[in-house]
Amino acid sequence: MSNDSKALKSGIWYTAANFLTKSIGIITTPIFARLLTKNEVGAYGNYTSWLAVMIILVTFNLESTFISAKYEYEKDFDSYVSTMALFSGTSALVWTLLFHIFSEFAVAKMNIDMTYINCMCMYLFFLPMVNLFQARERYRFGYKKSVLISCLITVGTALLSVLLVLNLENRLTGRVFGSAIPTIVIGCVLAVALFKSGHNFKLEYIKYAIPICLPFIPHLLSMSFLNSLDKMMITDIRGEEENALYTIAYQCSSVVTILVTSLNTAFAPWLGEKLHEDSFEEIRKFSKKYVLIFCFFAVGIMLISPDIMMIMGGKPYMEAEYVMPPVMLGCVCQFVYTMYVNVEQFKKKTIGMAIASVSAAAINYGLNYVLIPKYGYIAAAYTTLVSFIWLLTVHMLLVRFIGYSKTYPNKFIISVVGAAAVITVGINALYKLPVIRYSIIVVYGCVFLYGVYKFKDVILKLVKKKVSK
């Protein structure tokens, strides 16, 4: 089987499995919104916000180096991966020690009980084992093990979290522990597998990875703050009530963010191979369809946003439906600029990424500071959108600066994003006109079914190949 066929098959399966794993928070939102109090939901939200920051600081996002390391250390890639696992584990132990030395400061600053900080540290030790193992399989165009791991974590997290919340007196403890234990158990098994397959630990690998990852950390931290700063500032300026509305709406919209991440984990290895081969024409041809399909999906989610809000939060949260269109248009910008970020990572030009992300976070903070007091939580959705548009612009310029502007059809991509912006404005107005909106949904569904019918031969061929296996 050719590498292109392997990439396609593994990409489809990995995207589906990763999407399922990442969407567990969305799937369980209606359940926990009804099982937990608002205070408990807020406390868990605070825990996950800090966890998102600590994941970046502890793990260094080492799997991001695979896009180039796979070719630099092709013959000794297993050893490279196991060295990254050892380095990440050491980092987690150091942070655990620091948390215990400065426990009073950590508890006061993070507003998290030490029991949950310890749980977080355990999770941070084993999560990289899962991520590195799955990334290794992905860059080999394998998918079976990754799909199995993703499904086990997804089902385990959902079931255990609900079970513990229902049976423990402290429901917040059940929510936190339930979200961590499946990853810890599976990560323990995968750690053994990683160290068994790669015995040759080299300082050279760490010296190779650090210059790539360190500039990437400010980028990731800024992106984390970009995603969580809105909630922090809404709470501080307007109170927990408005933050609850924004949080539920943002959670509903995050299905698109998850799709961005899932697609990119499948797209990046293929892109790296094509860049290595200088197959720019093939990349441009594929990227047109890639962008159009994603935008089509995002528009569909925008159309049914009020229905999603009703399912996820119920009537008390329906006023926040207008948050979703600008947030999802921001996801479209995020999806597109991530394509350019992949090129920067391949060329190991990550300093510009850090500058772009820090500046975007600063813009978001400044706009929030000015607009949230006046317009409330809805302003945060638009300030985040402005930040993502800024990121898209900067990353397109950065790729041009490093001499890779020929990678993507830039004019076409700008046109598609512009069209998505116009459609977003129209859909936002349709929320007050349900009859027209549902009529458009029917037309959208017909177009979708026509697309499935038109490409049924390709779809059936892929299914038959899978069944025959």
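Reading the values: the criteria
- Residue positions within a chain follow its written sequence, with the count starting from 1.
- It should be noted that, the model being predicted, local features are given only for residues of pLDDT at least 70 and side-chain atom pairs only at 80 or more, the latter also being counted only at that level, while totals for whole chains, interfaces and linings use all residues.
- Note that the side-chain values use all heavy atoms of the structure and ignore hydrogens as well as water.
- The way it works is that DSSP assigns letters per residue, a run of H or I at least four long becomes a helix, a run of E at least two long becomes a strand, and they are numbered from the N terminus.
- Remark: exposure states derive from per-residue accessible area (1.4 Å probe, protein chains only) relative to the maximum for the residue type, with buried under 20%, exposed over 50%, and partly exposed in between.
- Should any heavy atoms of two residues lie within 4.5 Å, those residues are considered in contact.
- Using the Shrake-Rupley algorithm and a 1.4 Å probe, accessible areas are obtained, with residue cover drawn only from the displayed protein chains.
- Salt bridge, as applied in this entry: a Lys or Arg side-chain nitrogen positioned within 4 Å of an Asp or Glu carboxyl oxygen.
- Within 3.5 Å is the distance limit for a polar contact, defined as a pair of N or O atoms, with the added protein rule that one can donate a hydrogen and the other accept it, and that residues adjacent in sequence qualify only through two side-chain atoms.
- Working definition: rings of Phe, Tyr and Trp (its six-membered ring) pair if their centres are within 6.5 Å, and the pair is stacked with planes under 30 degrees apart, edge-to-face with planes over 60 apart, and tilted otherwise.
- Axes here refer to lines fitted to C-alpha atoms; in helices the fit is confined to the stretch in contact. Angles between the N-to-C directions go from 0 to 180 degrees.
- Should an angle fall under 35 degrees it is called roughly parallel, over 145 degrees roughly antiparallel, and 65 to 115 degrees roughly perpendicular, with every other angle called oblique.
- All amino acids are sorted into three groups, where Ala, Val, Leu, Ile, Met, Phe, Trp, Tyr, Cys and Pro are nonpolar, Asp, Glu, Lys and Arg are charged, and the leftover types, Gly among them, are polar.
- With the far helix as reference, a near helix turned anticlockwise by less than a right angle produces a left-handed crossing, and one turned clockwise produces a right-handed crossing.
- Residues grouped as a nonpolar core are buried Ala, Val, Leu, Ile, Met, Phe, Trp, Tyr and Cys residues, joined through side-chain atoms within 4.5 Å.
- A helix is expected to span 1.5 Å for every residue after the first.
- The predictor's confidence in any single residue is recorded as pLDDT, a number from 0 to 100.
- Counting rule for disulfides: a pair of cysteine sulfur atoms within 2.5 Å.
- Candidates for patches are residues over 30% relative accessible area with no salt bridge; among them, like charges are joined within 9 Å and nonpolar side chains (Val, Leu, Ile, Met, Phe, Trp, Tyr) within 5 Å.

**Re the overall build of the protein**
In step 1: Regarding its fold elements, the protein presents 20 helices and zero strands.
In step 2: By residue count, 53% of the 469 residues in the protein fall in the buried class.
In step 3: Within the protein, contacts between residues separated by at least 24 positions form 83% of all contacts whose residues are at least 6 apart in sequence.
In step 4: Surface summary for the protein: the accessible area is close to 21,800 Å², and the carbon and sulfur share equals 69%.

**Side note on the pattern of salt bridges**
Note that side chains of opposite charge can pair when their charged atoms are close.
In step 1: For the coordinates displayed, the defined rule picks out six salt bridges.
In step 2: When the shortest N-O distance is used, the salt bridge between Asp-78 and Arg-136 registers 3.6 Å. Within this pair, whereas Asp-78 is found in helix H5 (residues 77-101), its partner Arg-136 is found in helix H7 (residues 114-139), the two being separated by 58 residues in sequence.
In step 3: With a shortest N-O distance of 3.7 Å, Lys-274 and Glu-277 are connected by a salt bridge.

**Regarding the environment of Ser-253**
In step 1: Secondary-structure assignment places Ser-253 in helix H12 (residues 240-276).
In step 2: Ser-253 gets classed as buried once you look at its relative accessible area, which sits at 0%.
In step 3: The spacing of Ser-253 and Pro-326 is 73 residues in sequence and 9.7 Å in space, taken between C-alpha atoms.
In step 4: Every residue in contact with Ser-253, bar those within four places of it in the chain, is listed here: Met-324, Val-327 and Met-328.

**Focus: the side chain of Thr-154**
In step 1: Structurally, the position occupied by Thr-154 is in helix H8 (residues 144-167).
In step 2: Within the structure, the side chain of Thr-154 is placed 2.7 Å from the backbone oxygen of Ser-150, a separation counted as a polar contact.

**Description of the packing of aromatic side chains**
In step 1: Across all of its chains, the model carries 22 aromatic pairs by this definition.
In step 2: Geometrically, the ring pair formed by Phe-286 and Tyr-290 is stacked, given 5.4 Å between the ring centres and 25° between the ring planes. Of this pair, Phe-286 and Tyr-290 both sit in helix H13 (residues 280-303), four residues apart, which is roughly one turn of that helix.
In step 3: On the basis of an interplanar angle of 35° and a centroid distance of 6.2 Å, the ring pair of Tyr-337 and Phe-388 is categorised as tilted. Separated by 51 residues along the polypeptide, Tyr-337 in helix H15 (residues 324-346) and Phe-388 in helix H17 (residues 377-401) bring together distant segments of the chain.

**Some thoughts on the packing of H15 against helix H18 (residues 410-430)**
In step 1: For the pair H15 and H18, the least separation of the axes is 9 Å and the interaxial angle reads 170°. Accordingly, the angle class assigned to the pair H15 and H18 is roughly antiparallel. Facing H15, whose interface residues are Pro-325, Pro-326, Leu-329, Cys-333, Val-336, Met-339 and Tyr-340, H18 presents Asn-410, Ile-413, Val-417, Ala-420, Ala-421, Thr-424 and Asn-428.
In step 2: Here the contact of H15 with H18 is built from residues that sort into eleven nonpolar, three polar and no charged.

**Topic: the packing of helix H11 (residues 216-237) against H17**
Two quantities define a packed helix pair, namely the angle between the axes and the distance from one axis to the other.
In step 1: Contact pair H11 / H17: the axes reach a minimum separation of 10 Å and the direction vectors enclose 165°. The angle between H11 and H17 places the two elements in the roughly antiparallel class. Both H11 and H17 take part in a crossing whose hand is right-handed. Here Met-223, Leu-226, Asn-227, Asp-230 and Ile-234 of H11 come into contact with H17, specifically with Tyr-377, Ala-380, Thr-383, Thr-384, Ser-387, Phe-388 and Leu-391.
In step 2: In terms of residue class, the contact of H11 with H17 is made up of seven nonpolar, four polar and one charged.

**Considerations on the nonpolar core**
In step 1: Ranked by size, the top nonpolar core spans 115 residues in total, and within it Phe-66, Tyr-80, Met-309, Phe-335 and Tyr-408 carry the most contacts.
In step 2: Residues contacting Phe-66, with those up to four places away along its chain left out, are Phe-77, Tyr-80, Val-81, Met-84, Leu-132, Ala-135, Arg-136 and Tyr-139.
In step 3: Within the second largest apolar cluster, 24 residues are counted, among which are Phe-99, Cys-119, Phe-126 and Val-176.

**Some points on H17**
In step 1: Here H17 spans 37 Å end to end across 25 residues, near enough to the 36 Å set by a 1.5 Å rise per residue.
In step 2: Among the residues trailing H17, Gly-403 stands out with phi positive, at a value near 85°.

**Focus: unusual backbone geometry**
In step 1: With a phi angle near 65°, Phe-60 is a residue other than glycine that sits in the positive phi range.
In step 2: Look at Asp-278: it is not a glycine, yet its phi comes out positive at around 60°.

**Quick word on the confidence of the model for the protein**
In step 1: A residue-level look at the protein finds 90% of positions with pLDDT of 70 or above and a mean pLDDT of 84.
In step 2: When pLDDT is averaged over each element of the protein, H5 comes out on top at 95 and helix H20 (residues 456-468) at the bottom at 49.
In step 3: Overall, residues 462-469 carries pLDDT values under 50, and its contacts beyond four positions in sequence, including any with other chains, amount to six contacts.

**Thoughts on the state of the cysteines**
In step 1: Counted under the stated rule, the structure contains zero disulfides.
In step 2: No disulfide involves Cys-119; its nearest neighbouring cysteine sulfur is the one of Cys-121, lying 9.3 Å away.
In step 3: Free cysteine: Cys-295, not disulfide-bonded; nearest cysteine sulfur from Cys-333 at 8.9 Å.

**Considerations on a nonpolar patch on the surface**
In step 1: A contiguous nonpolar surface patch, about 610 Å² in accessible area, is contributed by Val-94, Leu-97, Leu-98, Ile-101, Phe-102 and Phe-105.
In step 2: Top element by residues in the nonpolar patch is H5. It accounts for four residues.
In step 3: Of note, Phe-105 is situated in helix H6 (residues 103-110).
In step 4: Given the relative accessible area of 57%, Phe-105 is considered exposed.

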